[in-house]
Amino acid sequence: MDSVGSSFPGGPAMARPPQPAPVHRPGPTTISAKIVVAGGFGVGKTTFVGSVSEIDPLTTEAVMTEASAGHDDLSATPNKQTTTVAMDFGRVSLDSDLILYLFGTPGQHRFWFMWDDLVRGAIGAVVLVDTRRLADCFSAIDFFEDRNLPYVVGLNAFDGLQQHRVEDVREAMSIDPSVPIITCDARQRESTKNALIALVQHAMQARMAAGAR
Amino acid sequence: MTSGPDDASQRPQEPTFADVMNGFSLDAKRPRRRKRWGRRRDEDEQGRFDQAPPTPPPFPAAPGAPPSGADASFAGSGYGTYETGPIEPIRDEMLVAPAAGAAAVRPYAWTRGRTKANFDLAIETLVSTSPQGREQLGLLQMEHRSVADLCDQPRSVAEIAALLAIPLGVARVLLGDMAGLGVVTVHQTASSTGTEPDLALMERVLSGLRRL
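These figures come from a predicted structure and were not determined experimentally.

### Details of the overall build of chain B
Alright, step 1. Tallying secondary structure elements over chain B gives 10 helices and 3 strands in all.
Alright, step 2. In sequence order, chain B lays out its α and β elements as α-α-α-α-α-β-α-α-β-α-α-β-α.
Alright, step 3. With 212 residues in all, chain B has 33% of them scored as buried.

Below, the structure is given as structure tokens:
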């Protein structure tokens, strides 16, 4: 490794900032974007990601160790020293040089240290809601509002039925009228696609509104 | 009597070829000897000496396996002492290390203990093997090579971590190293230019989604 490094004219690693496709690659400079999919445990995040992803959803793991204990809220599991975080994600090639990644958030609260990573640079988030368990998604919504990340709420229709009206849910969750609430079926590709389109539109509007201010 | 391995090395004096061969073929009849090696893994089985452990002895030709006659005499005389006295303390010491390292190579051994990457790599940042990396594929260290193989087409940091079954942090450090060496190219992300994706890119994502 060292011999390879010394033969490289650029010198030590840290001297080079992350440049867009330095000099080597003649091919396309592929760009990536990401959208976060949040919601409570078992609300259908992975199904949602999988219905539109061109790959089977993959799982990333990050080991949380004692070293991170000071930064992470371990109050829920005081005896846990190390644990493994699972985060599902999928990939959608939107163009020859544009890839969209969909990241499902880790459901457990103690993994919030990963959420910063997830949210940074994201276009926005889809918060999936099971209307029988509204409270499960409050933490996610709080987080996105705190970070000013545009989000839409997707009411996932279990068994193909919507149990509640959209406006009732909005009132029950006291969601700002500017935030779109849509109904979706995470198993249907078209439905997932429409939810993502709604999110990107909402994010663009939010951006333009912020720019106008 | 001293430790097990010492004892094993003291016992034989210049085994003949035939002795060694006997050692192979008669192994199955001497569960006790196997036990001595096998117990590192099967500590619970220490009481059941009659039962051969499922794993073969790591060293089949262990220091000159004695012929069956000598072995039988050993079994008669020395065996009890093995079981009770001197063996126990060794067992505990020997168990500590293998138990701790039993899982696999520790993830951060890949990174020589470093947890910070030299590059700012988001989880969705695309990485692809550079032409230089392809030329030097044979020269790369093993970990870098497996990454370079994967990144023949652009892949995200998260994909690399998932496909290689390594933690995200490890993938970041590895990729940071490789980017520093010029082996891989780090692509732009939506947020490379600032903290938030720009409108033009969002527009492209939107039209891309509509085309799906």
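The structure having been displayed, the exposition proceeds.
### With respect to the overall build of chain A
Alright, step 1. A tally of regular secondary structure across chain A gives 6 helices and 7 strands.
Alright, step 2. Within chain A, the proportion of its 213 residues that are buried is 36%.

### Some points on the sheet that holds strand β2 (residues 155-156) of chain B
Alright, step 1. Reading across from one edge, β2-β1-β3 (chain B) is the order of the 3 strands in this open sheet, with antiparallel pairing throughout. Edge positions in the sheet fall to β2 and β3 (184-186) of chain B, since each has one partner strand and no second.

### Regarding the pairing of strand β1 (residues 31-39) of chain A
Residues and elements named next belong to chain A.
Alright, step 1. Burial within β1 is extensive, with 9 of its 9 residues counted as buried.
Alright, step 2. When β1 meets strand β4 (residues 98-104), the two strands line up parallel, connected through 7 bridges. Its bridge partner lying in β4, Lys34 is registered against Tyr101.
Alright, step 3. Alignment of β1 against strand β5 (residues 124-129), held across 5 bridges, turns out to be parallel. Paired with Ala38 across the strands is Val127, a residue of β5.

### Describing the nonpolar core
Alright, step 1. By size, the foremost hydrophobic cluster in this structure holds 78 residues, and its most contacted members are A:Ile35, A:Val37, A:Ala125, A:Val126, A:Val127 and B:Leu175.
Alright, step 2. A per-element tally of this core places helix α9 (residues 168-181) of chain B first, with 9 residues.
Alright, step 3. Beyond its immediate sequence surroundings of up to four residues, A:Ala125 is in contact with A:Ile35, A:Val36, A:Ala38, A:Phe144, A:Leu149 and A:Tyr151.

### Quick notes on the environment of A:Ile175
Residues and elements named next belong to chain A.
Alright, step 1. Its place among the elements puts Ile175 in the loop between α5 (166-173) and β7 (181-184).
Alright, step 2. Residue Ile175 is classed as partly exposed on the basis of its 19 C-beta neighbours within 10 Å.
Alright, step 3. Those residues in contact with Ile175 that sit more than four places away from it in its chain are Val153, Arg170 and Ile181.

### As for helix α8 (residues 157-164) of chain B
Residue and element names in this part refer to chain B.
Alright, step 1. Counted residue by residue, α8 has 6 buried out of 8 residues, so it is predominantly covered.
Alright, step 2. Those residues of α8 that sit buried are Val157, Ala158, Glu159, Ile160, Ala161 and Ala162.
Alright, step 3. Positioned one or two residues after α8, Ala165 has a phi angle of 55°, which is positive.

### Quick notes on the pairing of β5(A)
Residues and elements named next belong to chain A.
Alright, step 1. The buried count for β5 comes to 6 of 6 residues, which makes it a mostly enclosed element.
Alright, step 2. Where burial is concerned, the two faces of β5 agree: the one with Gly124, Val126 and Leu128 and the one with Ala125, Val127 and Val129 are both buried.
Alright, step 3. Where β5 lies against strand β6 (residues 151-156), 5 bridges are found, and the strand directions are parallel. Paired with Ala125 across the strands is Tyr151, a residue of β6.

### Considerations on unusual backbone geometry
All names here are of chain A.
Alright, step 1. For Asn148, which is not glycine, the phi dihedral falls at a positive 60°.
Alright, step 2. Structurally, Asn148 is set in the loop between α4 (138-146) and β6.
Alright, step 3. Assessed through the 10 C-beta atoms surrounding it within 10 Å, Asn148 is described here as exposed.
Alright, step 4. Notably, Ser174 is not glycine yet its phi reads approximately 45°, a positive angle.
Alright, step 5. When you line up the elements, Ser174 lands in the loop between α5 and β7.
Alright, step 6. On the basis of neighbour counts, which here come to 8 C-beta atoms within 10 Å, the residue Ser174 falls in the exposed class.

### A few points about the confidence of the model for chain B
Residues and elements named next belong to chain B.
Alright, step 1. Here chain B shows a mean pLDDT of 67. Residues at 70 or above account for 44%.
Alright, step 2. In the model, residues 80-85 has pLDDT below 50 throughout and makes 3 contacts with residues more than four positions away in sequence or in other chains.
Alright, step 3. For this predicted complex, the interface confidence score (ipTM) comes to 0.76, while the overall pTM stands at 0.64.

### Examining the confidence of the model for chain A
Detailed reading of the predicted coordinates is not advisable wherever pLDDT is low.
Residues and elements named next belong to chain A.
Alright, step 1. Across chain A, the average pLDDT comes to 78, with 72% of residues at or above 70.
Alright, step 2. A low-confidence stretch, residues 1-27 (pLDDT under 50), is modelled with 34 contacts involving residues beyond four sequence positions or located in other chains.
Alright, step 3. Across residues 66-74 the pLDDT falls below 50, and counting only partners more than four positions away or on other chains, this stretch makes 11 contacts in the model.

What counts and what doesn't
- Residues numbered from 1 in each chain as written.
- Chains lettered and ligands numbered in written order.
- Predicted model: local features only at pLDDT ≥ 70, side-chain atom pairs only at ≥ 80, totals over all residues.
- Helix = DSSP H or I, 4+ residues; strand = E, 2+ residues; numbered from the N terminus.
- Buried ≥ 20, exposed ≤ 12 C-beta atoms within 10 Å, placed from the backbone.
- Pairing = 2+ DSSP bridges.
- Core = buried A, V, L, I, M, F, W, Y, C linked by C-beta atoms within 7 Å.
- Contact = placed C-beta atoms within 7 Å.
- pLDDT = per-residue confidence, 0-100.

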